[in-house]
Structure formats: structure tokens, C-alpha cells
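Architecture at a glance
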Amino acid sequence: MAKKINRDLFGNPLDENMNVPDNRPVLLLNAMSEDIKKCYVHLTSTHTKVTLEKLCEAIKNAFRGYALRSKSNPSSPIPQLLKLYKAPRSKDDYTWPAAIILGDDDNFREFFKTFPQGIKRVWEQCYRQGYISDIKANKLAGEPVVSADSRYFYSRSHTICHNLLSIFNISSYYYHYFTGMSTYIWMPRYLWNIYNRAIADKETHPIDNLDNDGKMLFYTNEQNIGEQLFLLNQIKEQGEVEFGAYKMPATATKKIAKQLGLNEFFPYSNTKELKQMVAQVMIPSLAAHNFSQMGPNINQYWEIIAQCVHNVDVNYIAMEWLSHLKAVKRDNLFYESNLSQAIDNITDALRLMTPGKWFSCDDFDKLRRSITDVTIDTIMVADSNFVADSRICLDDERLRVEEIYDNITVPVCKGLLMLFATYGLLEIAYRVPTVAIEPRFNCLEYLRLTKLGEYVFGLTATYEAPGMHKPTEYFEVDPERLIIRALVIDGKNPYEPMLQNFAEPIGAQRYRVTAESFMANCKGIDDIMRKWEFFTHNVTTEPSAVWKSFYAGIENRCYPLLSPGKGYTVMKILPGNNDLLRILSTDKYIREHTIRAERNHILIETKALAKVKDQLRGYGYLI
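Below, the structure is looked at part by part. Position labels on residues start from 1 in each chain and follow its written sequence. Local features in a predicted model are, by the rule used here, given only for residues with pLDDT of at least 70; side-chain atom pairs are given and counted only at 80 or more, and totals for whole chains, interfaces and linings are based on all residues. Calculated side-chain values reflect all of the structure's heavy atoms, with hydrogen atoms and water omitted.

Further remarks concern the packing of helix α6 (residues 117-129) against helix α7 (residues 134-141). At a closest axis distance of 7 Å, the pairing of α6 and α7 adopts a crossing angle of 140 degrees. The angle between α6 and α7 places the two elements in the oblique class. Residues Gly 118, Ile 119, Arg 121, Val 122, Gln 125 and Gln 129 of α6 lie in contact with α7, whose contacting residues are Lys 136, Ala 137, Leu 140 and Ala 141. The nonpolar class holds Ala, Val, Leu, Ile, Met, Phe, Trp, Tyr, Cys and Pro. Asp, Glu, Lys and Arg form the charged class, and all remaining residues, Gly among them, are polar. Tallied by class, residues from the contact of α6 with α7 come to five nonpolar, three polar and two charged. For helices, the fitted line uses only the C-alpha atoms of the stretch in contact; every axis is such a line through C-alpha atoms, and the angle between N-to-C directions lies from 0 to 180 degrees. Strands here are runs of E lasting at least two residues and helices are runs of H or I lasting at least four, both read from the DSSP assignment and numbered beginning at the N terminus. An angle counts as roughly parallel when it lies under 35 degrees, as roughly antiparallel when it exceeds 145, as roughly perpendicular when it falls between 65 and 115, and as oblique in every other case. The criterion used for residue contact is that any of the two residues' heavy atoms lie within 4.5 Å.

Below, the structure written as C-alpha cells:
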């Protein structure tokens, strides 16, 4: 009878002491750790025995011919790996070897080195964009890795048929009734974390100076944001425009943009989606916040900016930033926690940027993924289940799950960065997007922190704001006439548009104030008071007697007609009662407690009504 030969996990013969002969190359692995134990738990709860058996078959093939030894004890095999050749084989016999290879970063790197290039591309693409279709997976791999049972059309079964992808997830759904089926694969969360930690390229390449090829556009708002915040606060206090929670009419946005003197990303564009991007992104976002603590001190505006950075409304982003998609407003696109975590993740990544250096968007994405405890949900923002169940459309077809990254993840993240640029925190470089075929925010290519950004994100302890003039320095008020002259300092006067709320232009930088212009658009005394407060705080802090007299006259014009109110009872005298008219005119008591009005009406003091009726009864009238 032939002698039984014991073999290890990979089919290699063992000697009588169950050791691998010394002539094989030795590969040292970490045998046990907390990460391996955690991976064991994930594998046990997530995968079936069949799936793990396929993975272990791939591990066998990858390390065939090697003597696998523990780094802590290089002279003996790893006990958990030896379980595989013992019969019968339980799920646990497959789970521990898989956990040892996947759960340790060094072990997994050695395993990943053996992957074919096509399979590596599938792993990389799933890591980068979350979900990929079966068609793309097969194309990247260069071989069939996802197969479909073609016997049934309406219940077609798709399976992963490559052992190195066996622990990926797979799902199918109909994106166009029963005529279009989409299948996609993705990494389980634990596997994404393992790849992110052990394999993903995290090396960035910051740039000192960005070469402009003539097609690159640049934007920064650090010099202007302080005055713009102050002006926006004044507009809110004057009540000229109704501010809702990130919901503003387009006409209001356009009006405020003109008053703030905003510089647009694409100032010469005739495309609707591009020509007012700064106004559409910046104004509703800032207007939703409370500036009351700002007061007249515009030199503390960065504290307001810091608050705005951490309080961006998720619903506003979903509804307004993804204009290239249809039906977004009717769908709950995000888990709110996902987007809130994504905002925190982006601000954390900004703290990792080297001051003064340009970072490409690809490098910034690496910074995002390098944050401790980052997850695929944080990176992706949107969830596959929401998209699969929604009616969101791209180019008149249902948005597919594998299209989430390019059409939701990237626009939202780049949109946040461009929003922060309007806050004065970033300087950005971008190109003109082809709106017809790509989301408008995908135009962003490079970014770097401004001095304000370095302060807000905690990279510097102090911030010296750009020199700003007080609002009153921009105006010259005539003490004898109601005339205001707007002055130009450093080639600008950011506060001049505000004069149009209560003055009329009479020439270049000259304005005249009249009762009609001052009271325009005022609905009550509160509006009048707000305008006067703006004038005394921002135009002149010491109004002359002429201006004080003017305001006193304005106050006299408020509510000059009073309603009789509840203190009077209104009655009408029927025609033909000439004798009654005579009594009302001659009786002393009645005259003192009544008021004659037009068209035979009479107002009787309510408190004297009973006595007036008694008086008239004495004259023979029943009232």
C-alpha cells in the first residue's frame, strides 16, 4: 500500500513532523492580530462557506510552492492554515485562512501582488468609484468575471465566476421597466476598508506653481468676502428680500449678487447653468445663517465663515447642485448622516493640505481617503439603494448605480470645494465645463488654501484680514442738502449699490434722498427704522440737523390716518330725517360724543352710546 503523504494548504508535501521541507522558499506572514480577528468576524457574518472556499482556492494558487511561516515563529507552520487539509472541512476551516491573508496589511499586500493585472484593475475601480457594472468588470479584467444565466430574461441570474472576486457583492435591478436590466458589483464595507488601508495609493504630489495653458481659469474671493458678508447682513436686516432656508427666487438672487458685486466663475458665459454659479451657490448658503453676532464689526467675519463651513444644508445640495439630473427634488437622495460625514471628511482633508501648495482633485481625493476611519459611505455620499429605487434620470434615462460616482459623488464634493472658494477659503483653478455632457461642478481641477482657509481649518493660530475701509469712508454726505456722494477707494465702492434702497441717482456717484425714495418698498415703521439705522451706521454716523429734520418728517408721514377702532360705533342716518340732523347738530351732549362723517354717517363714542340713545329717545326717536 502506498504511503500517505500529508500536504499543507497549498498542496505541498509535509515531512513526518508536519513541516515543509527546507528547499522551498519561505514566506513569513503575521499569524494573528486584532485586525485578523475583526476580519474573521466580518467574513463569518458576511459570506457563505462556498464563497470562502473559492477564495481559499485562490489563496492556494497564489502561494503554491511557498513555505508559509509565522513571523513570530519562523520554524513552524501557521496552525490556522493547516486546518485546510484536514477532513471534514467546516466553514471555520476556510474562514481563518482567509482572515489571516486579508486581515493583515502585509499579508494582503503579498497576496495582492499575485493578482493578474486585469483583476487588479477591477479591485481598483470598485475601490475608487464604489460600484461598477458587470460589463465594465468583464472589460477591465479582460476575461469573464461576471456571468449571466441566459435561460430566463425576466429573472436572469448573475454570478461572480472568478475566485479572486468571490467575496465581492453583486446585485441586479431593472432601470427601465422590464426592458433594461443593470447588474453591478461592489466591495463589502470591511473589504473596502482593508484595500484602502493596505493597497490604495495615498501619495500626493503638491505643486508650487500651477502652469496656465491659457484654458485654465482662476478664482479667489478672500479679499472681498468680509465686505460681502457685511453687505449681506445689511440686506437681511433691511428686509429688502425674503430669505428662506436655502430657497430663494432667481430674481432675488440676481438682485443681491449685483448689490454684493460678486465675481462669477464664468463672467462671460451665456449658458444659464454657468453665468450665475457663484450667486446660486454662495448667496443662499450664507443667507440661511444668522449674522446677528456680526454687528458693525466686519473685522470678525471669519468666525461667521467657520460656522457656515460646518452647517451646509444637505437638502439644498441635493436639490440645487445636481441640475444635470432630473427628478432629484422628488427623491430622498442621501442618507443625511452620509452627507454630513462627507462634509466633515472634506474639511478634515483640507487640514492635511500643505499651505501654499496646489493640489489636484485626484490628490485631494487621496487625502479624503487617508482620513482615519473613513468609510465607503462617506466617500460615495449617495447610497445605491436610493438610486436603484428612485426615478432620478440622466439624459432621459434612469440613473444607474454605477453612474453614482461621476454624477453625484464628484459634483457634490467639488461643489463643496467651490462653495468654500466663494467663502474665501480656497483659491481654485478650473476649466469651462461642457454642460451638455457633464455636471457643471466637475470643472474643478486644482485647489489651494488661502490665508483665511489656513486659519479657519486650524493650520495657523492667527489671521490678519486684508485692509478694509469702514463703510462711512466710502460716502460724503452734504450737511445742507439731502445729497450723498459715493466715493471710489482702490477702484471700488462695494457699498454704493445699497444707496439704491433709499436714494435716487442724479449723476455719476451722486444720489438724492426724497420722501418717496426713502419710503420705497417700506411696508411698515420697522422698515423705515431699518433704513435710517443703515444710514446712520454706514453712510454717516453724525447726521446733520437737515437730515434729522428730514427723518422726523418721514416719521410724521407714517400712519397719518387713524381708524376709529373699537372706541366708536358707526351708524348711518336714513334719508329724509332732516329734523334728526338738526338735533344731532344742536344737542350739546350729542355733539360732544359724536363725529359727523360723509354720506350721512355718524360715529358715536361707544362708551356714550347708551346715553346718546336716551337723549334721542327724549326727542321722540327710537334708536
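Here we take up a positive patch on the surface. Patches in this entry comprise residues that are over 30% relatively accessible and not in a salt bridge; like charges within 9 Å are linked, as are nonpolar side chains (Val, Leu, Ile, Met, Phe, Trp, Tyr) within 5 Å. Per-residue accessibility takes into account occlusion by the displayed protein chains alone, with areas from the Shrake-Rupley method and a 1.4 Å probe. Each salt bridge in this description consists of a side-chain nitrogen of Lys or Arg and a carboxyl oxygen of Asp or Glu lying within 4 Å of one another. Neither His nor the chain ends contribute to the count of charged residues, in which Lys and Arg are positive and Asp and Glu negative. Charge coordinates come from a single atom per side chain, which is NZ of Lys, CZ of Arg, CG of Asp or CD of Glu. The grouping of Lys 254, Lys 258, Lys 272 and Lys 275 at the surface amounts to a positive patch. Mapped onto the positive patch, the elements with two or more residues apiece are α10 (250-260) and α11 (272-275). Partly exposed describes any residue whose relative accessible area lies between the buried limit of under 20% and the exposed limit of over 50%, with all areas from a 1.4 Å probe on protein chains only and scaled to the type maximum. Overall, Lys 272 belongs to the exposed group, its relative accessible area being 64%.

Turning to the pairing of strand β1 (residues 26-29), a few remarks are in order. Residues Leu 27 and Leu 29 point to one face of β1 and are all buried, whereas Val 26 and Leu 28, pointing to the other face, are not buried. Note: β1 against strand β2 (residues 67-70), four bridges, orientation parallel. Paired with Leu 29 across the strands is Ser 70, a residue of β2. Only when DSSP finds a minimum of two bridges between them are two strands counted as paired.

Moving on, we get to the sheet that holds strand β19 (residues 594-597). Ordered by their spatial adjacency, three strands build an open sheet running β18-β20-β19, and the pairing between neighbours is antiparallel. For this open sheet the edge positions go to β18 (568-572) and β19, each flanked by a neighbour on one side alone. Across the sheet, the axes of successive neighbouring strands diverge by a mean angle of 20 degrees, strand direction being ignored. In this sheet, strand β20 (residues 601-605) lies alongside β19 in antiparallel orientation, the contact comprising four bridges. Bridge pairing in β20 links Arg 596 to Ile 602.

One non-glycine residue, Asp 373, lies in the positive phi region at around 65 degrees. Within the secondary structure layout, Asp 373 lies in the loop between α16 (361-369) and α17 (376-380). On the basis of relative accessibility, which here comes to 72%, the residue Asp 373 falls in the exposed class. Its identity as a non-glycine residue notwithstanding, Gln 509 has a phi of 55 degrees, on the positive side. Position of Gln 509 among the secondary structure elements: in the loop between β16 (504-507) and β17 (510-512).

Turning next to the pattern of salt bridges. A complete count under the given rule lists 18 salt bridges for this structure. The salt bridge involving Asp 377 is made with Arg 189; its shortest N-O contact spans 2.7 Å. Placement of Asp 377 in helix α17 and of Arg 189 in helix α8 (residues 189-198) is noted, with a sequence separation of 188 residues between them. Taking relative accessible area as the criterion, Asp 377 reaches 18% and is therefore assigned buried. A salt bridge links Arg 530 to Asp 527, with the nearest nitrogen and oxygen atoms 2.3 Å apart. Taken together, the residues Arg 530 and Asp 527, both in helix α23 (residues 525-539) and three residues apart, mark about one turn of the helix. Accessibility expressed as a relative area gives 14% for Asp 527, which makes it buried. Among the charged side chains, a salt-bridge network with shared partners connects Lys 71, Asp 106 and Arg 109.

It is worth spelling out the packing of aromatic side chains at this point. Here the distance between the centres and the angle between the planes together describe a pair of aromatic rings. Ring geometry is summarised as follows: Phe, Tyr and Trp rings, the Trp one being its six-membered ring, pair when their centres sit within 6.5 Å, and such pairs are stacked at plane angles under 30 degrees, edge-to-face over 60 and tilted between the two. Enumeration according to the criterion identifies 31 aromatic pairs in this entry. An aromatic cluster of three or more residues is present, and its members are Phe 63, Phe 108, Phe 111, Phe 112, Phe 115, Trp 123, Tyr 127, Phe 168, Trp 192 and Tyr 195. Only Lys NZ and Arg CZ are tested; either one counts as a charge over a ring when it is within 6 Å of the ring centre and within 35 degrees of the ring normal. Sitting over the face of the ring of Tyr 127, Arg 369 holds its NZ or CZ atom 4.8 Å from the ring centroid. Between Lys 611 and the ring centre of Tyr 589, over which it is positioned, the NZ or CZ distance is 4.6 Å.

Everything listed here is a matter of geometry and, on its own, says nothing about what the molecule does.
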